[in-house]
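Residues per chain are reported as follows:
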Amino acid sequence: MVNKATEIETMTIERTLSKGSFIKAVSAVVWKDLRAEFRSRELFSAMLVFSLLIILIFNFALELDVKTRQSVTAGVLWSTFAFAGTLGLNRSMAIEKDRGCLDGLLLAPVDRSAIYFGKVISNLVFMLIVEAIVLPVYSVLYTVNLFQPGLLLVILLGSIGYVGVGTLLSAMSVQTRTRDILLPILLFPVVIPVLLAAVKASSGFLTGSELADILLPINLLIAYDVIFIAVAFMVFDSVVEE
Amino acid sequence: MGSKPTALKILDILSIILLAISTYLALVFAPTERVMGDVQRVFYFHIGTAWTALLGFILAAVFSVIYLVTKDLKWDRLQVASIEVSLVFFLITIVLGSIWARPAWNTWWTWDPRLTTAAVTELIYVAYFMLRQGIDDPDKRARFGAVYALVGGLSAPITFFAIRLFRTIHPVVIGGTNPEADGGFSMTADMRVAFFFALFAFTVIFIDLFWNRIRLGDLQEKVEQLKLRMSM
Amino acid sequence: MFFQEATPDTSGYMIAGYVITFLVMALYVGSIYLRSRNLKQDMTTLNELEEPVPPIQATPASPPTRSMAASQNNKSAKTVTKKSRRK
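Residues numbered from 1 in each chain as written. Chains lettered and ligands numbered in written order. Predicted model: local features only at pLDDT ≥ 70, side-chain atom pairs only at ≥ 80, totals over all residues.

Turning to the overall build of chain A, a few remarks are in order. For chain A, the count of helices and strands is 9 helices and 0 strands. Starting at the N terminus and walking to the C terminus, you meet the elements of chain A as α-α-α-α-α-α-α-α-α. In terms of overall dimensions, chain A is globule-like: its C-alpha atoms have a radius of gyration of 19 Å, near the 18 Å expected for 242 residues. Every one of the 242 residues in chain A was classed for burial, and the buried ones make up 49%. Across chain A, every contact between residues at least 6 apart in sequence was considered, and the portion connecting residues at least 24 apart equals 81%. (Helix = DSSP H or I, 4+ residues; strand = E, 2+ residues; numbered from the N terminus. Rg over C-alpha atoms; globule rule 2.2 N^0.38 Å. Buried ≥ 20, exposed ≤ 12 C-beta atoms within 10 Å, placed from the backbone. Contact = placed C-beta atoms within 7 Å.)

The following block contains the structure:
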């Protein structure tokens, strides 16, 4: 049932895309994903439950008493996001490939990078929604206020970098034999600067460090986001061509 | 694929000779370092392999760009060769770094920027080969390899600077003899000779292995072509 | 500090380091050699299999795919230049 609906949507998108507008193409991809996900909620529920389970595991794995909590919260949060993120990225691309939507999109006379940006935005939305739920849950479980604007900014910037590279790499991994297993292997070593800077900046905001110290990792995050989204934009074509 | 070109045969012999001389300089000619003792001698090979491997990885990123632009599979073979040789050299670098750390700081691993980045970089290029292994189509394999080598090559230096900027390192120092957390030492003139010779020797050895590996790749390509032709 | 610290005897580590270095390099060279030998054997086997070509199979294979044609062209161009260089 969902398949049929998505097929109809893909055809609608192809018609939209044939008008040749880049922004139209991007938003077409984004809306297709959001609408499909809204109906099935399969990605979202999986990522959410997985995140909550990870937090639970961390509770047993680490001594999250009041003392250590402060130093470890940023790390726990970002580990959770990183692992749950691969789930979302994998499924998102697998859905494209399995339902043949990708081929349909590729036939349209639009720059391939529109597909890239569309997927990045939809993946980012999914990730942000999950993060938006994990944050209050963690706040409640560990009595720590995570709703500081600085922290939210870091989470946004970090997620952008993660999803930017992750979308490109998942487009590759989904076309290999090993598929799902390969994405974390490809992604994690490359996304370490994001994790490093994000944890450092998050930690800074949570422990009330000086702004000067926090600005440095934030700048790195911005730089990373810009560099890698630019690179992905340039090479995405090579990754999806037949 | 004929026999080895003479130039390569000469290079093979030259590499072995240079390796021998470098070993002599590092083990005998250079003086024993006062603070750490003989283990410091691994430093010459440690830097020799590190420097060439890094060049190899940078070269691989360049090959990525050239391949993506020209779509000529020759550049893909060059990339595979350079990454494979660099992977081996960097492994040596990491192991020697660990061996050096043990007596110097009483720990098998220091999470300092260089060693950590080296480990991350090594993992990136292992992932590179795992990616390639999962693809059968040579053209797709080349394209994906190129993209990942490029992404990986860009992220590794960023990782290095990130660790340098954000992580304070606290290696455990034996007896506090070495105030520099870096485990640094000043080089005497003789040490410098051994050092620079090692750099030179390993560059030559790298080129030799690189060339040999390229020939292997070309041979692989020929066999693949034959197999394809036969199956038609 | 007036006492002279003796230089520690870390030669064991040094030996370990050098042994590992030579071992890894030897293994890699060996790996290249073995792979090369196996491929050459494959090639002779494949060439032998190709020898007895039945007369019906006069026409060569149908136009190969784009990438194969491209690499084949590069191959023939390369072998020509390689041969001339070797001379």
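Once that is clear, we can look at the nonpolar core. Formed by 145 residues in total, the largest nonpolar core has its most connected members in Val165(A), Leu186(A), Leu195(A), Ala197(A), Ala198(A), Leu221(A) and Val147(B). The element contributing the most residues to this core is helix α3 (residues 73-105) of chain B, with 19 residues. The residues touching Ala197(A), leaving out its near neighbours within four places in the chain, are Pro217(A), Leu220(A), Leu221(A), Ala162(B) and Phe166(B). (Core = buried A, V, L, I, M, F, W, Y, C linked by C-beta atoms within 7 Å.)

Contacts between the two partners involve 31 residues from chain C, matched on the other side by 40 residues from chain B. Those elements that place two or more of their residues in the side of chain C that touches chain B are α1 (11-50) and α2 (66-86) of chain C. Counting residues per element, the side of chain C that touches chain B draws most heavily on α1(C), which supplies 18 residues. When its residues are assigned to classes, the side of chain C that touches chain B shows 14 nonpolar, 10 polar and 7 charged. (Nonpolar A, V, L, I, M, F, W, Y, C, P; charged D, E, K, R; others polar.)

Let us now look at the environment of Asp237(A). Residue and element names in this part refer to chain A. Within the secondary structure layout, Asp237 lies in helix α9 (residues 211-240). Residue class for Asp237 comes out partly exposed when judged on the 15 C-beta atoms lying within 10 Å of it. Residues Asp237 and Ser113 lie 124 residues apart in sequence; the distance between their C-alpha atoms is 6.7 Å. Once residues within four sequence positions are removed from consideration, Asp237 is found in contact with Arg112 and Ser113.

What follows covers the packing of helix α3 (residues 42-61) of chain A against helix α6 (residues 113-142) of chain A. Residue and element names in this part refer to chain A. In the contact formed by α3 and α6, the axes pass within 10 Å of each other and the chain directions differ by 35 degrees. You can see that α3 and α6 cross each other, and the crossing is right-handed. Contacts between α3 and α6 involve Leu43, Phe44, Met47, Leu48, Ser51, Leu52 and Ile55 from the first element and Phe126, Ile129, Val130, Ile133, Val134, Val137 and Tyr138 from the second. Looking at side-chain class alone, the contact of α3 with α6 contains 13 nonpolar, 1 polar and no charged residues. (Axes fitted to C-alpha atoms, helices over the stretch in contact; angles between N-to-C directions. Left-handed = near helix turned anticlockwise from the far one by under 90°.)

Moving on, we get to the interface of chain B and chain A. With 24 residues of chain B in contact, the opposing surface of chain A contributes 24 residues. Listed by contribution, the elements that provide at least two residues to the side of chain B that touches chain A are α4 (113-133) and α5 (138-166) of chain B. Sorting elements by how many residues they give to the side of chain B that touches chain A places α5(B) first, with 15 residues. Residue composition of the side of chain B that touches chain A, grouped by class: 19 nonpolar, 4 polar and 1 charged.

All names here are of chain A. Here helix α4 (residues 66-98) contains 33 residues, and its C-alpha end-to-end distance of 46 Å stays within 8% of the 48 Å for a straight helix at 1.5 Å per residue. Within α4, the axis deviates most sharply at Val72, by approximately 60 degrees. Once α4 finishes, Gly100 follows within two positions and takes phi at roughly 75 degrees, a positive value. (Expected span 1.5 Å × (residues − 1). Bend = angle between axes of the 7 residues up to and from the residue.)

Looking at the element boundaries, Ala127(B) is found in helix α4. In this structure, the C-alpha to C-alpha distance between Ala127(B) and Ala26(B), residues 101 residues apart in sequence, is 34 Å. For Ala127(B), the residues in contact, after removing those within four places along its chain, are Ile185(A), Leu186(A) and Pro189(A).

With that settled, consider α3(B). All names here are of chain B. For α3, with 33 residues, the first-to-last C-alpha span of 46 Å sits near the 48 Å given by 1.5 Å per residue. A large share of α3 lies buried, amounting to 29 of its 33 residues. Immediately beyond the C-terminal end of α3, within one or two residues, lies Asn106, with a positive phi of roughly 60 degrees.

Before going further, it helps to examine unusual backbone geometry. Keep in mind that most residues, glycine aside, have a negative phi and that most peptide bonds are trans. Phi at Arg179(A) is positive, roughly 45 degrees, even though this residue is not glycine. With respect to the helices and strands, the residue Arg179(A) is situated in the loop between α7 (149-173) and α8 (182-207). If you check the backbone angles, Lys71(B) has positive phi at about 60 degrees while not being a glycine.

Time to look at the packing of helix α1 (residues 6-29) of chain B against helix α6 (residues 189-230) of chain B. Residues and elements named next belong to chain B. The interhelical angle for the contact between α1 and α6, taken along N-to-C directions, is 155 degrees, at an axis separation of 9 Å. By the angle between their directions, the pair α1 and α6 is classed as roughly antiparallel. Seen along the crossing, α1 lies across α6 with a hand that is left-handed. Counted together, Leu8, Leu11, Asp12, Leu14, Ser15, Leu18, Leu19, Ile21, Ser22, Leu25, Ala26 and Phe29 of α1 and Asp190, Val193, Ala194, Phe197, Ala198, Ala201, Val204, Ile205, Asp208 and Trp211 of α6 form the full contact between these two elements. When its residues are assigned to classes, the contact of α1 with α6 shows 17 nonpolar, 2 polar and 3 charged. (Parallel < 35°, antiparallel > 145°, perpendicular 65-115°, else oblique.)

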